[in-house]
Amino acid sequence: MTAQRVAIRWVLVVVAAILQVVVVNKWHLPLGHPDLLLLVVIAFALASGSQRGALLGFWAGLFADVIPPAGHIAGRTAFAYTVVGFLAGLLEDPEENSVFATIVVVLGGSAASVLVYAGLGGLLGDARVTAGATTHSLLATVVYDVVLAPFVIPVVANFARRFEPVGVR
Amino acid sequence: MRNSRRGRLVLTILLLAAFSLITLDYRTGALNGVRSAGSTIFGPIENGVGHVTHPIGSWFSSIGHLGSYKNENAALKRRISTLEYQANLSAAEAAELKQDRALLHLAGLAQFTVVASRVTAYGSSMGFEETASINRGSASGIKKNMTVISGDGLVGRVITVGHSSSTILLANDPTFSVGIRVEGKQLEIGTVSGSGTNRPLTLELDSNTALLSPGQSVVSLGSSPSVPSPFVPEVPIGTITHVNPLAGGLTETAEVKPFVDYTAIDIVAVVVAAPKSVKHDSLLPASPTPAPTVTVTVTATPSSSSTGSTTTTP
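Structural notes, computed from the coordinates. All of these numbers come straight from a predicted model, not from anything done at the bench.

### Structural notes on the overall build of chain A
Within chain A, the regular secondary structure consists of six helices and zero strands. Taken from N to C terminus, the helices and strands of chain A fall in the order α-α-α-α-α-α. By the burial criterion, 57% of the 169 residues in chain A qualify as buried. Within chain A, counting contacts between residues at least 6 apart in sequence, those at least 24 apart form 75% of the total.

This is the structure we're talking about:
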């Protein structure tokens, strides 16, 4: 069963990461784009708790750090998603979260991921991280993620609940 | 909260692991190999997914409804969706053909040896970076730092190479910079760097005596004895749109509108070999100065009217 659960998580992560760069990023929406992978991490953390949320966030982030066409220092997305996965998991509810709570988590999680990622970039002297770029990214990611959340979160949560028996830790 | 202590321990370990990776990659670039492997493994997958999602959206949505209608209706709908599919495809193919021809024209003029490729993916999950994947790699002779062009001009340079896919850093990425020459007789050289999505490129001149003016075109400098550069020379980059007033700086800076629309690149080419020198300004698009118009006058002669029509009377 464990192998199957791990496989399901990886399928979700890989599919979201590939759709992100092949489909979503090609839309070239104004200011930025939604972050599909972050929504997967949040949905999973909400269904499975902070420890599993942090773990999935780490691996999903690491995958996003190396999947082409990644061109940044590896580990930054892993760091940001680990933080978001852990925090979102603190609000775990094995049955179902209210729509309002989910929206608040997506809003906060999206903002946190951008700020942590940008903060690490600032520490590393990344020329891409300017006040303007960070503001744009923050605004776009938060708005687009909240819009996409009702479509992505239930699907992922459903997967997580079906294949992760509740109560077994 | 029974597992909160263990959860915090896991969090700490993961964050330390991520931070170690960051440090390792930052100091030594140790993860370049991992990114290359990622390009080798996931590049072809991205290419495959891109093929499916390319022009067929409407076709997919129309086949979902077929079963619920009467046979005749279904046949008609199928016919329509086939035609729509063909129309979408031929529009996409026509656009691609146009890009192909422009690209071949530019590469032919400069006598560059190029590897043509398709853009399969953009950017990353987190944004900030302007990068793209292409579906050709080391198997086609592509190496790191090679110049990437489209029919309009400079697209970027190769930063990661996998077996059959590579990653390019687009010219509008803030970490991108290229040595340039301003068009014209006098050798005004400088650096152009990116400023992010949908923003003009930034030009900074090397000398403080030169004067820039809007409308001048900028091309890549290429390697010279004083400036070693991975870029090939003379690739068109853009046009100066605005010269910034000298404000404390020693050298002049300007905004450059790129010839290439980085959000709409589809077919690009990696320059794998270039001649030592290319004639100055020979690759720039035709200037908007009015060319002499050639008027061809055709006079129809009445006597020739019988040539086209052969009438048979029963």
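We are not done yet, so read on.
### Some words on the side chain of Arg128(A)
In this fold, Arg128(A) is placed in the loop between α5 (99-123) and α6 (131-163). Separated by 3.5 Å, the side chains of Arg128(A) and Thr175(B) make a polar contact. The residues contacting Arg128(A), other than those within four sequence positions of it, are Gly71(A), His72(A), Ala133(A), Phe128(B), Glu129(B), Leu169(B), Asp173(B), Pro174(B) and Thr175(B).

### Considering the interface of chain A and chain B
In this assembly, 53 residues from chain A lie in contact with 50 residues from chain B. Contact with chain B buries area across many residues of chain A, yet Gln51(A), Pro69(A) and Arg128(A) alone supply 16% of it, more than any other trio. The interface formed by chain A and chain B includes one salt bridge. For the salt bridge of Asp173(B) with Arg128(A), the shortest nitrogen-to-oxygen distance reads 2.9 Å. The interface formed by chain A and chain B contains 14 residue pairs in polar contact (both at pLDDT 80 or more). Each residue belonging to the side of chain A that touches chain B can be placed in one class, and the counts come to 33 nonpolar, 13 polar and seven charged.

### Digging into the pattern of salt bridges
All names here are of chain B. The tally for this structure, following the rule as stated, stands at five salt bridges over all chains. Its salt-bridge partner being Asp281, residue Arg181 comes within 2.8 Å of it at the nearest N-O pair. Of this pair, Arg181 sits in strand β6 (residues 177-182) while Asp281 sits in the segment after β12 (267-273); the two residues are 100 residues apart in sequence, bridging distant segments of the chain. Using a relative accessible area of 25% as the deciding quantity, one classes Asp281 as partly exposed.

### Structural notes on a nonpolar patch on the surface
Residue and element names in this part refer to chain A. A surface patch of nonpolar side chains, amounting to about 350 Å² of accessible area, comprises Val6, Trp10, Leu55 and Trp59. Of all the secondary structure elements, the ones that give two or more residues to the nonpolar patch are α1 (2-22) and α3 (50-66). Summarising the element assignment, Val6 is placed in helix α1. The exposure class assigned to Val6 is partly exposed, which follows from its relative accessible area of 36%.

### Thoughts on the sheet that holds strand β10 (residues 236-243) of chain B
Residue and element names in this part refer to chain B. Taken in spatial order, the six strands line up as β6-β7-β8-β11-β10-β9 and close into a barrel, and their pairing is antiparallel. In this sheet, adjacent strand axes meet at a mean angle of 40° when their direction is disregarded. As paired elements, β6 and strand β9 (residues 217-220) share three bridges and run antiparallel to each other. Across the sheet, Val182 pairs through a bridge with Val218, a residue of β9.

### Comments concerning the packing of aromatic side chains
Aromatic rings in a pair are described by how distant their centres are and how their planes are angled relative to each other. One pass over the full model with this rule turns up seven aromatic pairs over all chains. Here Phe176(B) and Phe231(B) contribute two aromatic rings whose centre-to-centre distance is 5.6 Å and whose plane-to-plane angle is 70°, an arrangement assigned as edge-to-face. Of this pair, Phe176(B) sits in the loop between β5 (166-170) and β6 while Phe231(B) sits in the loop between β9 and β10, placing them 55 residues apart in sequence. Three or more aromatic residues link up through ring pairs in this structure, and these residues are Trp10(A), Phe58(A), Trp59(A), Phe63(A) and Phe42(B). The ring of Tyr117(A) has Arg76(A) sitting right over it, with the charged end atom 4.0 Å from the ring centre.

### Brief notes about the packing of α3(A) against helix α4 (residues 76-89) of chain A
Residues and elements named next belong to chain A. Their axes nearest at 7 Å, the elements α3 and α4 cross at an angle of 160°. Taken together, the axes of α3 and α4 lie roughly antiparallel to each other. α3 and α4 meet at a crossing whose hand is right-handed. In this structure, α3 contributes Ser50, Gly53, Ala54, Gly57, Phe58, Ala60, Gly61, Leu62, Ala64 and Asp65 to the contact, and α4 contributes Arg76, Thr77, Ala78, Tyr81, Thr82, Gly85, Phe86 and Gly89. Along the lines of polarity and charge, the residues of the contact of α3 with α4 split into eight nonpolar, eight polar and two charged.

### What to know about the sheet that holds strand β2 (residues 131-134) of chain B
Residue and element names in this part refer to chain B. With antiparallel pairing, the six strands of this closed barrel are ordered in space as β1-β2-β5-β4-β3-β12. Neighbour to neighbour, the strand axes of the sheet diverge by 45° on average, direction disregarded. As paired strands, strand β1 (residues 113-122) and β12 are joined by six bridges and run antiparallel to one another. The residue of β12 that forms the bridge with Ser117 is Val268. The strands touched by helix α2 (residues 32-53) are β1, β2, β4 (154-161) and β5; relative to β1, the strand with the most contacts, the crossing angle is about 75°.

### Things to note about α2(B)
Residues and elements named next belong to chain B. Look at α2: 29 Å from first C-alpha to last across 22 residues, which is about the 32 Å you get at 1.5 Å a residue. The largest bend in α2 comes to about 40°, at Phe42, with the proline Pro44 one to four residues further on. All of the buried residues in α2 are Arg35, Gly38, Ser39, Phe42, Gly43, Glu46, Asn47 and Gly50.

### Regarding helix α2 (residues 36-48) of chain A
All names here are of chain A. With 13 residues, α2 ought to run about 18 Å at 1.5 Å a step, and its terminal C-alpha atoms sit 18 Å apart, in line with that. Across the 13 residues that make up α2, a large majority, 13, are buried. One side-chain oxygen at the N-terminal end of α2 lies 3.4 Å from the backbone nitrogen of Leu37; it belongs to Asp35. Just downstream of α2, Gly49 is the residue with a positive phi angle, here 100°.

Calculation criteria
- Residues numbered from 1 in each chain as written.
- Chains lettered and ligands numbered in written order.
- Predicted model: local features only at pLDDT ≥ 70, side-chain atom pairs only at ≥ 80, totals over all residues.
- Heavy atoms only, no water.
- Helix = DSSP H or I, 4+ residues; strand = E, 2+ residues; numbered from the N terminus.
- Buried < 20%, exposed > 50% of the residue type's maximum accessible area, 1.4 Å probe, protein only.
- Contact = heavy atoms within 4.5 Å.
- Polar contact = N/O pair within 3.5 Å; in protein donor to acceptor, adjacent residues only side chain to side chain.
- Buried area = accessible area lost by both parts, 1.4 Å probe.
- Salt bridge = Lys/Arg side-chain N within 4 Å of Asp/Glu carboxyl O.
- Nonpolar A, V, L, I, M, F, W, Y, C, P; charged D, E, K, R; others polar.
- Patch = residues over 30% accessible without salt bridge, like charges linked within 9 Å, V, L, I, M, F, W, Y side chains within 5 Å.
- Areas by Shrake-Rupley, 256 points an atom, 1.4 Å probe, with all protein chains shown as cover.
- Pairing = 2+ DSSP bridges.
- Axes fitted to C-alpha atoms, helices over the stretch in contact; angles between N-to-C directions.
- Phe/Tyr/Trp six-rings, centres within 6.5 Å; stacked < 30°, edge-to-face > 60°.
- Lys NZ or Arg CZ within 6 Å of the ring centre and 35° of its normal.
- Parallel < 35°, antiparallel > 145°, perpendicular 65-115°, else oblique.
- Left-handed = near helix turned anticlockwise from the far one by under 90°.
- Expected span 1.5 Å × (residues − 1).
- Bend = angle between axes of the 7 residues up to and from the residue.

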